[in-house]
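Chain residues, written in single-letter form:
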Amino acid sequence: MGSRVQADINLQALTHNLKRVCNLAPNSKIMAMIKADGYGHGLVQIARALNNADAFGVACLNEALILRKAGVSRHIAIMSCFSEAKELPVISKHDLEIVIHNENQLDILDDIELSKPIGIWLKIDSGMHRLGFDPEQIGNVYERLLKSNKINKPINFMTHLAAADDFSTVATEKQIEIFRQTTDKFDGCKSIANSAGIIGWPKAHSDWVRPGIMLYGISPFSDKTGADFNLYPVMSLRSKLIAVKQLKKGDRVGYEGTWACPEDMPVGVAAIGYGDGYPRHAKNGTPVLVNGIKCQLAGRVSMDMITIDLRNNPTAKCNAPVVLWGDGLPIEHVAKSADTIAYELLCGITQRVKFIYSI
Ligand SMILES: *Cc1c(COP(=O)(O)O)cnc(C)c1O
């Protein structure tokens, strides 16, 4: 490994995971969610590798424009856009689809002139209470949009599930039911399911599914890992040992000395820290692979380094390969040890990390 910290991106794993989505939702089209720089994996590279997806979903106009600039010609839908009139001519020019979720957007659409109409998804708030119109408003909003010559017909419909990863609540059943009742009478495509909906709620599949986290090989359910659903991890975050120290019983390691050696023991120092996006909140005991052997974090994560208990790996030496997550070490386990979710870890990788794409 030439660089200090490297994120290996396995594009074959990515296309395998896309096939898994096809198998799970065989009658649905796939809008691959690649917002936030492809969940931290690299927006353009991920889009190019997912050329079997039917469409891409991004969060904002800028992400869509980066894709168009890179020559990605597929359908692109922008989840939270627009809020100002000046965005619309750009959206129209680049053939982007938008999600209409509030009155302000309807007003702007009324007032603007566009040379080419825009494809839209009308968002319904079926219970998440974030974006979207209330179900009771949909009749009026739909009528108003039908009259507009600024948008393409038919109008498509979507909603977002708030708790599809939780089987102990009826919230998801309820959301699906509300969405169906609200939209059944309209033509146009319907879309409900994120990854948890795709895996856990076949009733949510509908015309289009919107997988995100599962494409990257990660379980949307916190008590499972991607492997439980035959998903392969796409990112492996790697570094190496840059020092091994023999410490004495009672020696404290790192900032604030949160780790005191319970016996004489070897401690390894790996060249990765929160400056690379490794979570500072990772606790003592967080799993780390050294030479393929599972070891544990010992002491605080610093900006450029972490320290590792090598008692079960005493022959590990300088330059030994270290895996922080990915191949052989599910990111879900690291996320749990850092009191967060894999999504956040992936989005947090910094520019200092070198990305290597393998096909
Ligand atoms: C991000 C996103 C998804 C994908 O969610 P995952 O949990 O990553 O599968 C689906 N729909 C919308 C509207 C999103 O913003």
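Residues numbered from 1 in each chain as written. Predicted model: local features only at pLDDT ≥ 70, side-chain atom pairs only at ≥ 80, totals over all residues. Heavy atoms only, no water.

Asker: Can you walk me through the nonpolar core in this structure?
Answerer: The nonpolar side chains of a soluble globular protein tend to be buried, and buried together. Tyr278 and Trp325 are the most contacted members of the largest nonpolar core, which totals 115 residues. Sequence-distant contacts of Trp325, that is, excluding residues within four places in its chain, are made with Met235, Ser236, Leu237, Gly277, Tyr278, Pro279, Ile331, Val334, Leu345, Leu346 and Ile349. (Core = buried A, V, L, I, M, F, W, Y, C linked by side-chain atoms within 4.5 Å. Buried < 20%, exposed > 50% of the residue type's maximum accessible area, 1.4 Å probe, protein only. Contact = heavy atoms within 4.5 Å.)

Asker: In this structure, what is going on with the environment of Pro262? I would like to understand it.
Answerer: Along the chain, the position of Pro262 falls in the loop between β12 (259-260) and β13 (265-270). Along the sequence, Pro262 and Ser3 sit 259 residues apart, while their C-alpha atoms lie 33 Å from each other. (Helix = DSSP H or I, 4+ residues; strand = E, 2+ residues; numbered from the N terminus.)

Asker: Could you clarify how one ought to interpret the side chain of Ser148 in this entry?
Answerer: By the element assignment, Ser148 lies in the loop between α7 (138-146) and β7 (156-158). Among the residues examined, Ser148 registers a relative accessible area of 10% and is labelled buried. Of the polar contacts made by the side chain of Ser148, one reaches the backbone nitrogen of Lys150; its length is 3.0 Å. (Polar contact = N/O pair within 3.5 Å; in protein donor to acceptor, adjacent residues only side chain to side chain.)

Asker: I keep staring at the site of the ligand and nothing clicks. Help me out?
Answerer: If you check the shell around the ligand, you find 13 residues, and the closest are Lys35, Tyr39, Ser195, Ile213 and Tyr343. Within the side chain of Lys35, an N or O atom sits 2.5 Å from an oxygen atom of the ligand. Here Tyr343 contributes a side-chain N or O atom positioned 2.7 Å from an oxygen atom of the ligand. In the complex, 92% of the free accessible area of the ligand, which totals 390 Å², lies under the protein chains. (Near = heavy atom within 4 Å. Areas by Shrake-Rupley, 256 points an atom, 1.4 Å probe, with all protein chains shown as cover.)

Asker: I would appreciate a short explanation of the pairing of strand β1 (residues 6-10) in the present structure.
Answerer: On any regular strand, side chains alternate: one points to one face of the sheet, the next to the other face. Most of β1 sits inside the fold, with 4 of its 5 residues counted as buried. Pairing of β1 with strand β18 (residues 354-358), which is carried by 5 bridges, proceeds in the parallel orientation. Looking at the pairing, Ile9 lines up with Tyr357 of β18. Here 4 bridges tie β1 to strand β10 (residues 235-247), and the two strands are oriented antiparallel to one another. Looking at β10, one finds that Ile9 is bridged to Met235. (Pairing = 2+ DSSP bridges.)

Asker: What's the story with the pattern of salt bridges in this structure? I'm lost.
Answerer: For side chains bearing opposite charge, pairing can occur when the charged atoms are close. The tally for this structure, following the rule as stated, stands at 15 salt bridges. Of the charged contacts in the structure, one is a salt bridge between Asp95 and Lys116, with a shortest N-O distance of 3.6 Å. Highlighted residues: Asp95 in the loop between α5 (87-93) and β5 (97-100) and Lys116 in the loop between α6 (103-111) and β6 (120-123), separated in sequence by 21 residues. On the accessibility criterion, Lys116 (31% relative accessible area) is partly exposed. Of the charged contacts in the structure, one is a salt bridge between Asp107 and Arg144, with a shortest N-O distance of 2.7 Å. (Salt bridge = Lys/Arg side-chain N within 4 Å of Asp/Glu carboxyl O.)

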